[in-house]
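Breakdown of the fold
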Amino acid sequence: MGFRCGIVGLPNVGKSTLFNALTETAAAQAANYPFCTIEPNVGQVAVPDERLTRIAAIAKSAKVIETQLGFVDIAGLVRGASRGEGLGNQFLANIREVDAIVHVLRCFTEGDVTHVEGRVDPVADAETVETELMLADLDSLERRVPALQKKASQGDKEAKVQASVLGQALELLRDSKPARLTEPKDEDERRAFEQAQLLTAKPVLYVCNVDEGDAAAGNAHSARVFERAVAEGAGAVVISAAIEAEIATMAQEDRAEFLGDLGLEETGLSRIVRAGYSLLDLLTFFTAGPKESRAWTVERGARAPQAAGAIHSDFERGFIRAETIAFDDYVACGGEAGAREAGKLRSEGKEYVVQDGDVLLFRFNV
């Protein structure tokens with residue numbers, strides 16, 4: 001199961017610089033002019049997790065494999081994108097394919113980088129992008145909902161469910177509110193709402209791109225963004241894309257000292273990944289053994305067979321049980337054998353809800 005975050009924003013706010021730094025590649029061209037990113041670049045980023053390192057050391061694993069989060073660098077949006085301006089149609093199509101939106105906002109005042117609208121106002125930038133997404137959703141639903149309502153009146157049960165939940169989303173959009181505020185009344189409506197793939201239904205993480213000197217504490221621009229994020233239930237982090245780009249070129253052993261000199265405890269990557277996990281409501285479980293220790297990602301609330309399916313569909317189809325050890329118990333008991341002897345290894349069935357940090361061994365039969 002892969003989770004992908006789309007990096008979006010107006011042109012020249014630092015999207016491609018951030019993408020390059022996050023993925024430690026030069027896959028996306030970073031240049032001081034609009035639309036330097038035309039095809040969406042996709043990068044898989046290893047999620048840092050100290051627990052995996054400790055598990056691997058105890059299991060004496062030959063290989064360590066982190067879980068990954070995908071980042072998609074999407075072409076810059078301009079006002080009028082919902083009507084096809086700039087690269088609007090392509091931009092909207094690319095967003096539809098991601099699980100969450102990482103919205104990069106210019107909060108730096110560096111004068112030699114051209115802003116597409118000639119000013120530094122991250123809240124206005126956020127509103128520009130949000131408005132275009134809402135207009136695109138509004139246009140889509142104003143065409144779809146009447147047809148669904150007609151089918152519903154003729155007794156179509158599926159159309160009735162869709163008309164109910166999408167009608168609620170349409171009213172929100174008409175009131176200049178994003179579709180993510182829609183409240184499905186049951187599981188059928190939730191499923192119908194997700195299948196609609198509305199752009200403004202996707203969770204949003206605001207990334208405030210600041211000058212190097214503001215990376216530790218932010219600035220007045222980022223403070224306004226955080227206020228907006230709190231008001232709408234979104235996430236927000238402060239980073240300096242310039243610092244992240246520099247860190248990406250450093251040897252691993254030099255990074256901690258460099259960050260310390262800047263008053264930072266961790267990289268922007270770590271902050272973004274942690275915020276992204278929270279935004280998508282994800283958790284990590286582990287598998288461990290002499291060949292490899294590995295981290296896996298599932299949605300919070302996933303049951304044991306679903307977690308098994310993240311490894312291989314055969315594991316889910318033939319699931320029998322999951323031998324489960326909590327991370328703290330795994331460490332305290334010195335691994336699987338010690339946990340088994342101490343009675344800390346549990347045999348869980350199909351209804352078990354996986355917990356963050358679980359070390360799991362799946363038993364299955366296909």
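No experiment lies behind these values; they were computed from the predicted model shown.

What follows deals with the nonpolar core. Counting residues in each nonpolar core, the largest one holds 49 residues, and the members touching the most others are Leu18, Leu22, Leu69, Phe71, Tyr206, Val207 and Ile272. Contact partners of Leu69, with chain neighbours within four places excluded, come to Phe3, Cys5, Gly43, Gln44, Val45, Val47, Val273, Tyr277 and Leu282. Core analysis: the second largest hydrophobic core is formed by 17 residues, Met134, Leu148, Leu166 and Leu198 among them.

Along helix H6 (residues 187-195), the residues that are buried comprise Glu189, Ala192 and Phe193. Each buried residue of H6 lies within a common arc of 100° when the element is viewed along its axis, so the set occupies one face. Lining the buried residues of H6 we find helix H5 (157-174). Where H6 starts, the residue carrying a side-chain oxygen 3.2 Å from the main-chain nitrogen of Asp188 turns out to be Asp186. Taken from the residues just after H6, Gln197 is the one with a positive phi, measuring 50°.

Now for the packing of helix H4 (residues 122-153) against H5. H5 packs onto H4 with a crossing angle of 145° between their chain directions and a minimal axis gap of 8 Å. In the packing of H4 onto H5, the handedness of the crossing is left-handed. Along its contact with H4, which presents Met134, Asp137, Leu138, Leu141, Glu142, Arg144, Val145, Leu148, Gln149, Lys151 and Ala152, the element H5 presents Ala159, Lys160, Gln162, Ala163, Leu166, Gly167, Ala169, Leu170, Leu173 and Arg174. For the contact of H4 with H5, the residue count by class is 12 nonpolar, 3 polar and 6 charged.

Right, let's get into the pattern of salt bridges. Tallying each qualifying case throughout the model produces 24 salt bridges. As a salt-bridge pair, Glu194 and Arg190 come within 2.5 Å of each other at their nearest N and O atoms. Within this pair, Glu194 and its partner Arg190 are both found in helix H6, separated by 4 residues, close to a single helical turn. Given a relative accessible area of 31%, Arg190 falls into the partly exposed group. Glu292 is paired through a salt bridge with Arg294; the nearest N and O atoms lie 4.0 Å apart. Assessed through its relative accessible area of 26%, Glu292 is described here as partly exposed.

Chain-level statistics for the protein chain give a pLDDT mean of 86 and a share of 88% at 70 or above. Taken element by element, the predicted model of the protein chain shows its lowest mean pLDDT in helix H3 (residues 88-96) (70) and its highest in helix H13 (residues 327-332) (98). In the model, residues 25-39 has pLDDT below 50 throughout and makes 39 contacts with residues more than four positions away in sequence or in other chains.

Counted residue by residue, strand E8 (residues 282-287) has 6 buried out of 6 residues, so it is predominantly covered. Residue alternation in E8 divides its side chains into two sets, Leu282, Thr284 and Phe286 and Leu283, Phe285 and Thr287, and both sets are buried. Bridge analysis of E8 against strand E9 (residues 292-299) gives 6 bridges, and the strand direction is antiparallel. The partner of Leu282 across the bridge, within E9, is Glu299. From the end of E8 to the start of E9, which pair antiparallel, there are 4 residues.

Below, the discussion takes up the sheet that holds strand E6 (residues 204-209). Within the open sheet, the 6 strands sit side by side as E2-E4-E1-E5-E6-E7. Their pairing is mixed. The sheet is open, and its two edges are formed by strand E2 (41-46) and strand E7 (235-239), each paired on a single side. Recorded for the sheet is a direction-independent mean angle of 25° between the axes of neighbouring strands. Pairing geometry for strand E1 (residues 4-8) and strand E4 (residues 68-73), over 4 bridges, is parallel. Looking at E4, one finds that Ile7 is bridged to Asp73. In this fold helix H1 (residues 15-23) packs onto E1, E2, E4, strand E5 (100-106), E6 and E7, with an angle of close to 40° to the strand it touches most, E2.

All right, on to the packing of aromatic side chains then. Inspection of the entire model under this criterion finds 4 aromatic pairs. Ring geometry for Phe285 and Phe362: centres 6.1 Å apart, planes at 90°, overall edge-to-face. Taken together, the positions of Phe285 in strand E8 and Phe362 in strand E12 (residues 359-364) put the pair 77 residues apart, joining distant regions of the chain. Three or more aromatic residues link up through ring pairs in this structure, and these residues are Phe285, Trp296, Phe319 and Phe362.

Within the secondary structure layout, Asn12 lies in the loop between E1 and H1. Residue classification places Asn12 among the buried positions, given a relative accessible area of 12%. Here the alpha-carbon distance between Asn12 and Arg106, two residues 94 residues apart in the chain, equals 8.1 Å.

So, about H5. Given 3.6 residues to a turn, an α-helix orients residues that are three or four positions apart in the same direction. For H5, with 18 residues, the first-to-last C-alpha span of 26 Å sits near the 26 Å given by 1.5 Å per residue. Of all the positions in H5, only Ala159, Ala163, Val165, Leu166, Gly167, Ala169, Leu170, Leu172 and Leu173 are classed as buried. One side-chain oxygen at the N-terminal end of H5 lies 3.1 Å from the backbone nitrogen of Glu158; it belongs to Asp156. One or two residues past the end of H5 sits Ser176, with phi positive at roughly 60°.

Cut-offs applied
- Residues numbered from 1 in each chain as written.
- Predicted model: local features only at pLDDT ≥ 70, side-chain atom pairs only at ≥ 80, totals over all residues.
- Heavy atoms only, no water.
- Core = buried A, V, L, I, M, F, W, Y, C linked by side-chain atoms within 4.5 Å.
- Buried < 20%, exposed > 50% of the residue type's maximum accessible area, 1.4 Å probe, protein only.
- Contact = heavy atoms within 4.5 Å.
- Helix = DSSP H or I, 4+ residues; strand = E, 2+ residues; numbered from the N terminus.
- Arc of directions from axis to C-beta.
- Polar contact = N/O pair within 3.5 Å; in protein donor to acceptor, adjacent residues only side chain to side chain.
- Axes fitted to C-alpha atoms, helices over the stretch in contact; angles between N-to-C directions.
- Left-handed = near helix turned anticlockwise from the far one by under 90°.
- Nonpolar A, V, L, I, M, F, W, Y, C, P; charged D, E, K, R; others polar.
- Salt bridge = Lys/Arg side-chain N within 4 Å of Asp/Glu carboxyl O.
- pLDDT = per-residue confidence, 0-100.
- Pairing = 2+ DSSP bridges.
- Phe/Tyr/Trp six-rings, centres within 6.5 Å; stacked < 30°, edge-to-face > 60°.
- Expected span 1.5 Å × (residues − 1).

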